[in-house]
Amino acid sequence: MRKRLIAGNWKMNGSAAASRELVAGIVDGLGAAEGPETLVCPPFPYLAAVAAQAEGTPLAVGAQNVSEHASGAYTGETAPAMLVDVGCRYVIVGHSERRSLYGETSAQVAAKYAAAQSAGLTPILCVGESLAERESGATEDVVAEQLDAVLAHSGVASLAKAVVAYEPVWAIGTGRVATPEQAQDVHAFIRGRVADGDAGVAAGLRLLYGGSMKGDNAPGLLAMPDIDGGLIGGASLKAADFLAIVAAAATN
Ligand code: PEP
């Protein structure tokens, strides 16, 4: 049985005070009951404070991006070991906003994934197609290219210590959620492609869905056999909204 994971991607939102309040609200709501693993990914300036606040609670902390380099003359970048140093356990790599707004290629994302793992972080590899790609029937080709770059760079065994998030670009921040069947189809495709390399790794791989997931649509998505959790943007910015998805993951 794969442990469910509900991860919040705060993107570039909030403040020191708002992040303190949000983490307090989430930790409060998580309580003692056994539920999914939970994770928040705040903006870089708040990582250390959020990690300190979350220490000793069930809430894990991750970053939204990382450098593929270990140290040196890379102004503005953050090394994987620095994230570990301030208490991160996870890092998102290849979010569609990084790919489309900052020109990250699948090769660069694969390098970031490998660098993160080398430092002991668990990468959350984001893959997903644009609306035009879906409408032209290219969804599987796009997802395969993004996944294969990591498989070629790090090997299928590396996925035993990683998470993959399927995030259709057309569903991110749009309120237009994929249907459970649409998401399940792509999740099954991803798991099948990994199984071609290693069936055991594929069976244990956690696959998150991301794209306008909310408390009301989460139960349907999480009922699908290959959807193991969610990567949540907008609904991770309010404790009650995030906790509603956590609750759905605990019971579906
Ligand atoms: C995301 O940013 O990864 C995301 C899924 O955003 P939203 O939930 O707002 O669509």
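Along every chain, residues carry numbers that run from 1 in the direction the sequence is written. Predicted model: local features are reported for residues with pLDDT of at least 70 only, side-chain atom pairs are reported and counted for 80 or more only, and whole-chain, interface and lining totals are derived from all residues. Hydrogens and water molecules were not included; the side-chain quantities draw on all heavy atoms of the structure.

Novice: In this structure, what is going on with helix α2 (residues 47-54)? I would like to understand it.
Specialist: What sets the pattern is the α-helix's 3.6 residues per turn: residues three or four places apart point alike. Those residues of α2 lying buried are L47, V50, A51 and A54. One side of α2 carries all its buried residues, which in axial view fall inside an arc of 100°. Projecting away from the buried face of α2 at angles above 90 degrees are the exposed residues A49 and A52. The criterion used for residue contact is that any of the two residues' heavy atoms lie within 4.5 Å. For the purposes of this entry, the term helix denotes a DSSP run of H or I that reaches at least four residues, the term strand denotes a run of E that reaches at least two, and both are numbered from the N terminus. Buried residues in α2 make contact with α1 (16-30), β2 (37-41), β3 (59-63) and α3 (80-85). G56 sits one or two positions beyond α2 and adopts a positive phi of about 80°. Only protein chains enter the area calculation, which uses a 1.4 Å probe; residues under 20% of their type maximum are buried, those over 50% are exposed, and those in between are partly exposed. Working note: the arc is built from the helix axis to C-beta atom directions.

Novice: Just to check I follow, could you spell out the side chain of S212 for this structure?
Specialist: Its location among the elements puts S212 in the loop between β7 (206-210) and α10 (218-222). A distance of 2.8 Å separates a polar atom in the side chain of S212 from the backbone nitrogen of G175. Among residues more than four places away in sequence, those in contact with S212 are A171, G173, T174, G175, R176, V177 and N217. Polar contact criterion, stated in full: a pair of N or O atoms within 3.5 Å, where within protein one must be able to donate a hydrogen and the other to accept it, and residues adjacent in sequence count only if both atoms are side-chain atoms.

Novice: Sorry, what's going on with the sheet that holds β2 here?
Specialist: Read once around its circumference, the closed barrel built from eight strands follows the order β1-β2-β3-β4-β5-β6-β7-β8, with strand pairing classed as parallel. Strand-to-strand twist in this sheet, taken as the mean axis angle between neighbours without regard to direction, amounts to 25°. Here helix α11 (residues 239-251) sits on the sheet and contacts β1 (5-9), β2 and β8 (229-232); the angle it forms with β1, its principal contact strand, is near 165°. One requirement defines pairing of two strands: DSSP has to find at least two bridges between them. Between the N-to-C directions of two axes lies an angle of 0 to 180 degrees, each axis being a line fitted to C-alpha atoms and, for a helix, fitted only over the stretch in contact.

These figures capture arrangement, not role.
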